[in-house]
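# Residue-level structure breakdown
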Amino acid sequence: GENVEQHPSTLSVQEGDSAVIKCTYSDSASNYFPWYKQELGKGPQLIIDIRSNVGEKKDQRIAVTLNKTAKHFSLHITETQPEDSAVYFCAASTGGFKTIFGAGTRLFVKA
Amino acid sequence: DVKVTQSSRYLVKRTGEKVFLECVQDMDHENMFWYRQDPGLGLRLIYFSYDVKMKEKGDIPEGYSVSREKKERFSLILESASTNQTSMYLCASSFGQGREKLFFGSGTQLSVL
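Let me sum up the structure you'll find in this document. Please read all numbers here as calculations on a predicted model, not as lab measurements. (Residues numbered from 1 in each chain as written. Chains lettered and ligands numbered in written order. Predicted model: local features only at pLDDT ≥ 70, side-chain atom pairs only at ≥ 80, totals over all residues. Heavy atoms only, no water.)

## Considering the pairing of strand E9 (residues 86–93) of chain A
Residue and element names in this part refer to chain A. In terms of burial, E9 is a largely internal element, 8 of the 8 residues being buried. The alternating pattern of E9 places Ala86, Tyr88, Cys90 and Ala92 on one face and Val87, Phe89, Ala91 and Ser93 on the opposite face, and all of these are buried. In this sheet, E9 lies alongside strand E4 (residues 32–38) in antiparallel orientation, the contact comprising 5 bridges. Paired with Lys37 across the two strands is Tyr88, which belongs to E9. Of the pairings in the sheet, the one linking E9 to strand E11 (residues 105–110) comprises 3 bridges and is antiparallel in character. If you follow Tyr88 over to E11, its bridge partner there is Thr105. Connecting E9 to the next strand, strand E10 (residues 99–101), in antiparallel fashion are 5 residues, including Gly95 with a positive phi near 100°. (Buried < 20%, exposed > 50% of the residue type's maximum accessible area, 1.4 Å probe, protein only. Helix = DSSP H or I, 4+ residues; strand = E, 2+ residues; numbered from the N terminus. Pairing = 2+ DSSP bridges.)

## So, the environment of Ala29 of chain A
Residues and elements named next belong to chain A. Among the secondary structure elements, Ala29 is positioned in the loop between strand E3 (19–25) and E4. Accessibility expressed as a relative area gives 46% for Ala29, which makes it partly exposed. Separated by 23 residues in the primary sequence, Ala29 and Ser52 have C-alpha atoms spaced 9.5 Å apart.

## Concerning the environment of Thr105 of chain A
All names here are of chain A. With respect to the helices and strands, Thr105 occurs in strand E11. For Thr105 and His76, which are 29 residues apart along the polypeptide, the C-alpha to C-alpha distance reads 13 Å. Beyond its immediate chain neighbours, meaning those up to four positions away, Thr105 contacts Gln6, His7, Pro8, Ser9, Leu11, Ile21, Ala86, Val87 and Tyr88. Polar side-chain contacts of Thr105 include one of 2.5 Å to the backbone oxygen of Pro8. (Contact = heavy atoms within 4.5 Å. Polar contact = N/O pair within 3.5 Å; in protein donor to acceptor, adjacent residues only side chain to side chain.)

Given below as structure tokens:
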């Protein structure tokens, strides 16, 4: 079935450094790729998304890139801050009701 | 802001008990979802609903049922709880045209002993 693989499972960076999380999807019909951030004790919150007709999208310190040919997409966080520490989930959707999530990346930003 | 409220943050139940998890959203969203979150497995879809009294199975519906009697409320039911249903349960909602953009509640951590 459809699958989204996410790496790494844990990532530790120094404050001010960049963080990159990578995902690979299996269903070539996927056309919507959201990223969710889950802080401790809270539900996941959408932070950025990209559609398959766009290669890159940026919102302040976060950016997402998509390589449709390779079925890869990545989240880039620049100038990381302690409040970026959270679990991040990538996901893929074909536009219907079912969204397939990656296993999650726990990001630690050390002050 | 959209608010999705789950009735309990923590719940402890015994094996064989019938368990109800309640979820309410305040943004008049058509679509509602139940996911379970397990370490290393991400979020997996249990059931979803796109209208009142309508329900569809997700990827892992076995052992669960749902009820949607009102647009704002979506309930997850464990008919006979088992230890392998110990998990974090997340409710989400989305509006019709933007169904892929999910708004999540804070989750219910269910322990079945």
